[in-house]
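Residues per chain are reported as follows:
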Amino acid sequence: MIQPAQAQAPARTATLSGLVRDRATQEVLPGAAISLEGTTLGTTSDAEGRFRLTNIPPGAYNVKATALGYTPLTRFNIPITTGNDATLLLEITAAAVQLGEATVTANRAIRVATSETPLSVQRLTSEEILTNPGGNFDISRTVQSLPGVGGGGTGGTAGFRNDIVIRGGAPNENVYYLDGIEVPVINHFATQGSAGGPAGILNVSFIEDVTLSTSAFEARYDNTLSSVLQFKQREGSAARLQGNLRTSFTEAALTLEGPLGRRDSAGLARTTFLASGRRSYLQNFFKLIDLPIRPAYWDWQYKVTHHLSKKTTITALGLGAIDDFSVAVPKESSPEKADILLRTPSFRQWNYTVGLGLRHLVAGGYLNVALSRTQLHNQVDLFENRDLGNEARRVLGTTSGETENKLRFDLNQIAGRWRWAVGGSAQLIHFDSRFQQRLRREVLDPATGAVVRPGVTIRFQNAIDFGRYGVFGQLTRSLGETERLTLSAGLRADGNTFTTTGNEVWRTLSPRLSATYALGARWNLNASLGRYYKIPPSTLLGFTLEDGTAVNKSNRYIGSTHYVAGLEFLPTPATRFTLEGFWKQYDHYPVSVRDGISLANLGGDFSALGNETVTSTGRGRAYGAEFFFQQKLTRNFFAVFSYTLFRSEFSGADGVYKPSAWDTRHLLSALLGRRLPKNWQLGLKYRLAGGGPYTPYDLAASRANFATTGQGVFDYAQLNTRRLTTFQQFDFRLDKQYNFRRTSLDVYFDVTNAFVFNNPGPPQYTFQRTTDGSQFVTTDNRELQADGSNATPVLLSDSTPLVVPTIGVIFQF
């Protein structure tokens, strides 16, 4: 390696190291030039593609990698501190040919699309996640700044949740991959059968970057209808043991990394590790500020990487969580609100994913093999008046578990202008559940104690085991002497051993075609057409009647066809504009037999998705347009702006399209960041979403139902005909970095919802209570009748603002 000599190193200096690889073949690239923009500092990669640059004054830099025959790559806004050696993986792309006198790739430093997915793709670096205002180092919340993405506070879900809603699709239509291994659960307190929850599990200290594809998915990805999120983790330091401690009002997290085993002549180990543990303080913080929710959790994560040879790398990874969610009655609460809170179930959950991945380089490409296991256990309990453990007073009880063992492989190769990939997947799934819910309390004669009306309780338990499998192929070709046009075609087929038609794989043949045309050095025209399938969640497939009949076995794979076209403009290496239009057409969507309503019109909560009989007769459509602008760090300034206008509608048994639970119509997000002198950084973020739809209560049925079940009854004749007010949120963050001789300290102040905007939610049905909350207020001053006829109904507003101020520190050592 070559490193410029310096007359005298500063007293406090930092180090940058990493690896340079060919993005397409994964071959290491020796001789690549690495430089820090705005300085004379630079170095080159060695014979194994590694580089190391020392004696760097601490600060934030744009890191540039160049190599002969490759498009220059710039990683923006990289913080380099004295506390940890910064490590980067730089994957650069072979340069395209020239268009006359203009080079197609002249200003592509910020382009994130590939030939296979030429549009509807965004990328976030770990630096953007770390400094995202209101994000609290949560990747799921940071993703909500991107075009077409709704989430907590939007899409019909509660404001403190992380449900990721993409272009009007359900949260369970997304799939997540961690270093090529599928991870079904990325949030604490996840809804079983979905993935949303109040807080993310993934540790941002592990992340190299995050790529979000909202359409034009490669054929290698199965079971997705709305998006693919790929989380790429960095490798641990091969040179020294280091780490960081992050603590704040809401959590404490410790991360360690370093070499394992023997080192080579350069002092670098072939085996490295990353490991972390985190403990939540949210339950104590929310109690302090008198909020009713009490989310408590632990999580852990690790990654071990071993370079068996120059061509073969083995990776072991894992993550897991233990969750405990309950509610409490705030000091400032009305008797009616307290009554509703006391009727809220408690949730206990644990989950983990462990995996082993192998990457082996072959001539012109590479082979990936991944073996993983995921397990989730979910328990929900509700007792009358919080009389915990008294089975006679149990209202709801569910215990369910799901285990998935997966094997995936793919072979990827390049031959001239051709690029192809083939592969497959197989998995074994076990699901079991026990369910009990009291629909109606037993009514006794107060004088004789005789049963006037018997109670009604539903009980069932089930267990299913089945297999899933799939194969795919993808072919990509650049056309013409100047390679202006690139086409990519893929085909996938999936099957399973459980559903009635599961082995009829011709029913799930899913072709897709994408094209990108370079209009010039700065303009690209992109389009895609694709068919995608998703199997219904195990919570739905495993539902059985009390006699053990699996009534949902005849359900079909949910299908969706995407039509997308867009224009991309890259005026500078640090600036990007995109404009896209999309149409998503759904078929075979689950519809409730009980209510005749599409599950897409019902939304989700903390329990489980699909505990009922459904048919695959629903249809749906989501369509709209989105605009995106991104300015990477230039002159100490960076910015992101996105706006999406869309509609999301689904039909039930009546065949009539009605707004889905996520049909907010408008999504707007703006992020502004500024690097200030003396290692200060300021971040501002604003999000807006149109009012989500909701269904009003059937007041007569609710009056009769509430006295025995404690719940109102929705008027599904007016399904999603009402709308909430507009959701708004403004977040603020200020960071100050201190660099010492071998350590560093980042002190930050972060405020979520700094302007105290209300968090709109649908009203809640209840009966008015006396001031002390001990009795119901009745119209005749007598005891509440069993049919609620003498009650005083109340609709409570549910729009309390959630403001979370946080002061925290990150100590690197």
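Here, every reference points to the structure presented above.
Fair warning: this is a prediction, and the values are worked out from it, not measured in the lab.

Chemist: Pulling in residues and values, what's your account of the overall build of the chain?
Modeler: Along its length, the chain carries six helices and 47 strands. Compactness check: the chain gives a C-alpha radius of gyration of 28 Å against a globular reference of 28 Å for 813 residues, within 12% of the reference. For the chain, the C-alpha atoms occupy an extent of roughly 95 × 60 × 45 Å along the three principal directions. Sequence separation of 24 or more characterises 67% of the internal contacts of the chain that already satisfy a separation of 6 or more. Total accessible area on the chain stands at roughly 32,500 Å², and carbon and sulfur atoms take up 58% of it. Here the chain contributes 82 positive and 69 negative side-chain charges, whose respective centroids are spaced 5 Å apart.

Chemist: Residues and numbers for the pattern of salt bridges, please.
Modeler: Enumeration according to the criterion identifies 43 salt bridges in this entry. Between Asp46 and Arg50 there is a salt bridge, and its shortest N-O distance comes to 3.5 Å. Pair check on accessibility: Asp46 and Arg50 agree, each one buried. A salt bridge links Arg167 to Glu626; the shortest N-O distance between them is 2.6 Å. Of this pair, Arg167 sits in the loop between strand S12 (165-166) and strand S13 (174-178) while Glu626 is found in strand S36 (residues 614-634), placing the two residues 459 residues apart along the sequence. Here the two residues Arg167 and Glu626 agree in accessibility, since each one is buried. One network of salt bridges, in which partners are shared, links Glu182, Asp222, Glu404, Lys406, Arg408 and Arg468.

Chemist: Could you give me a rundown of the sheet that holds strand S2 (residues 33-36), with the residues and numbers involved?
Modeler: Overall, antiparallel pairing links the four strands, which are arranged S3-S2-S5-S6 in an open sheet. Edge strands, defined here as strands with exactly one partner in the open sheet, are strand S3 (42-44) and strand S6 (73-80). With strand direction ignored, the average angle separating the axes of adjacent strands in the sheet is 20°. As paired elements, S2 and S3 share three bridges and run antiparallel to each other. Bridged to Ile34 within S3 is Thr43.

Chemist: I'd like a description of the environment of Asn244, backed by residues and values.
Modeler: Examined against the element boundaries, Asn244 turns out to sit in strand S19 (residues 242-248). Assessed through its relative accessible area of 7%, Asn244 is described here as buried. Ignoring sequence-local partners within four residues, the contact set of Asn244 consists of Asn84, Ser205, Ala253, Leu254, Thr255, Ile810, Phe811, Gln812 and Phe813. At 3.4 Å, the side chain of Asn244 and the side chain of Ser205 are in polar contact.

Chemist: Explain the pairing of strand S43 (residues 727-739) to me, using residue names and the numbers behind them.
Modeler: Two strands pair when backbone bridges link them, and strand S40 (residues 680-689) and S43 are joined in this way by 10 bridges, in the antiparallel orientation. From the neighbouring strand, Leu684 faces S43, where its bridge partner is Phe732. Looking at chain direction, S43 and strand S44 (residues 744-752) are connected through eight bridges and run antiparallel. Its bridge partner lying in S44, Asn739 is registered against Ser744. What sits between S43 and S44 in their antiparallel hairpin is a turn of four residues.

Chemist: Lay out the sheet that holds strand S4 (residues 50-56) with the relevant residues and their values.
Modeler: The strand order across the open sheet built from three strands is S4-S1-S7, with neighbouring strands paired in mixed fashion. Looking at which strands have only one partner, the edges of the open sheet turn out to be S4 and strand S7 (86-92). The sheet shows a mean angle of 20° between the axes of neighbouring strands, taken without regard to direction.

Chemist: Any chance you could break down a nonpolar patch on the surface for me, citing the residues and the numbers?
Modeler: Residues Tyr517, Leu519, Trp523, Leu525, Leu567 and Leu579 make up a contiguous nonpolar surface patch of about 530 Å² in total accessible area. Along the chain, Leu525 turns up in strand S33 (residues 523-534).

Chemist: I'd like a rundown of the nonpolar core, residues and numbers included.
Modeler: With 34 residues, the main nonpolar core has Ile139, Val143 and Phe231 as its most contacted residues. Of all the secondary structure elements, the ones that give two or more residues to this core are helix H2 (139-143), S13, strand S17 (207-213), strand S18 (227-233), strand S23 (312-327) and strand S25 (365-383). If sequence neighbours within four positions are ignored, Ile139 has contacts with Ile129, Leu202, Ile207, Val210 and Phe231. Among the nonpolar cores identified, the runner-up in size contains 23 residues, and Ala14, Leu36, Tyr61 and Val63 belong to it.

Chemist: Tell me about the side chain of Glu116, and please be specific about residues and values.
Modeler: By secondary structure assignment, the location of Glu116 is in the loop between strand S9 (102-103) and strand S10 (121-125). Setting aside residues no more than four positions away along its own chain, Glu116 makes contact with Ala216, Glu218, Arg419, Gln474, Thr476, Ser488 and Ser514.

Chemist: Tell me about helix H4 (residues 335-342), residues and numbers included.
Modeler: Three- or four-residue spacings in an α-helix give side chains the same orientation, since the helix completes a turn every 3.6 residues. If you check which residues of H4 are buried, you get Glu336, Ala338, Asp339, Ile340 and Leu341. Its buried side turned inward, H4 meets S23, helix H6 (699-709), strand S45 (764-767) and strand S46 (793-796).

Chemist: Break down the packing of aromatic side chains for me, with residues and values.
Modeler: Counted under the stated rule, the structure contains 30 aromatic pairs. A centroid spacing of 4.8 Å and a plane angle of 20° characterise the contact between Trp583 and Tyr623, whose relative ring orientation is stacked. Of this pair, Trp583 sits in strand S35 (residues 575-592) while Tyr623 is found in strand S36, placing the two residues 40 residues apart along the sequence. The exposure class of Tyr623 is partly exposed, given its relative accessible area of 24%. Joined through ring pairs, the aromatic side chains of Tyr697, Phe706, Phe714, Tyr716, Tyr765, Phe767 and Phe776 make up one cluster. Above the ring of Tyr366, the side-chain terminus of Arg359 is found at 4.7 Å from the ring centroid. In this structure, Arg769 packs its charged tip against the face of Phe776, placed 4.1 Å from the ring centre.

Chemist: How would you sum up the side chain of Asn526? Please name residues and give values.
Modeler: Mapped onto the elements, Asn526 comes out in strand S33. Residue Asn526 is classed as buried on the basis of its relative accessible area of 4%. Within polar-contact distance, the side chain of Asn526 engages the side chain of Thr516 at 2.6 Å.

Chemist: Go over the environment of Ile80, please, and point to the residues and values.
Modeler: With respect to the element layout, Ile80 can be found in strand S6. With sequence-adjacent residues up to four places away left out, Ile80 is seen in contact with Ala14, Thr15, Leu16, Ile56, Pro58, Gly59, Tyr61 and Ala86.

Chemist: Would you mind going over H6 in detail, with residue names and values included?
Modeler: Turning to H6, its buried residues number three or more, namely Ser702, Phe706, Ala707, Thr708 and Thr709. Measuring from the backbone nitrogen of Ala700 back to the side-chain oxygen at the start of H6 gives 3.3 Å, which picks out Asp698 as the cap. Taken from the residues just after H6, Gly710 is the one with a positive phi, measuring 75°.

Quick notes on the rules
- Residues numbered from 1 in each chain as written.
- Predicted model: local features only at pLDDT ≥ 70, side-chain atom pairs only at ≥ 80, totals over all residues.
- Heavy atoms only, no water.
- Helix = DSSP H or I, 4+ residues; strand = E, 2+ residues; numbered from the N terminus.
- Rg over C-alpha atoms; globule rule 2.2 N^0.38 Å.
- Contact = heavy atoms within 4.5 Å.
- Areas by Shrake-Rupley, 256 points an atom, 1.4 Å probe, with all protein chains shown as cover.
- Lys, Arg positive; Asp, Glu negative; His and termini not counted.
- Charge placed at Lys NZ, Arg CZ, Asp CG, Glu CD.
- Salt bridge = Lys/Arg side-chain N within 4 Å of Asp/Glu carboxyl O.
- Buried < 20%, exposed > 50% of the residue type's maximum accessible area, 1.4 Å probe, protein only.
- Pairing = 2+ DSSP bridges.
- Axes fitted to C-alpha atoms, helices over the stretch in contact; angles between N-to-C directions.
- Polar contact = N/O pair within 3.5 Å; in protein donor to acceptor, adjacent residues only side chain to side chain.
- Patch = residues over 30% accessible without salt bridge, like charges linked within 9 Å, V, L, I, M, F, W, Y side chains within 5 Å.
- Core = buried A, V, L, I, M, F, W, Y, C linked by side-chain atoms within 4.5 Å.
- Phe/Tyr/Trp six-rings, centres within 6.5 Å; stacked < 30°, edge-to-face > 60°.
- Lys NZ or Arg CZ within 6 Å of the ring centre and 35° of its normal.

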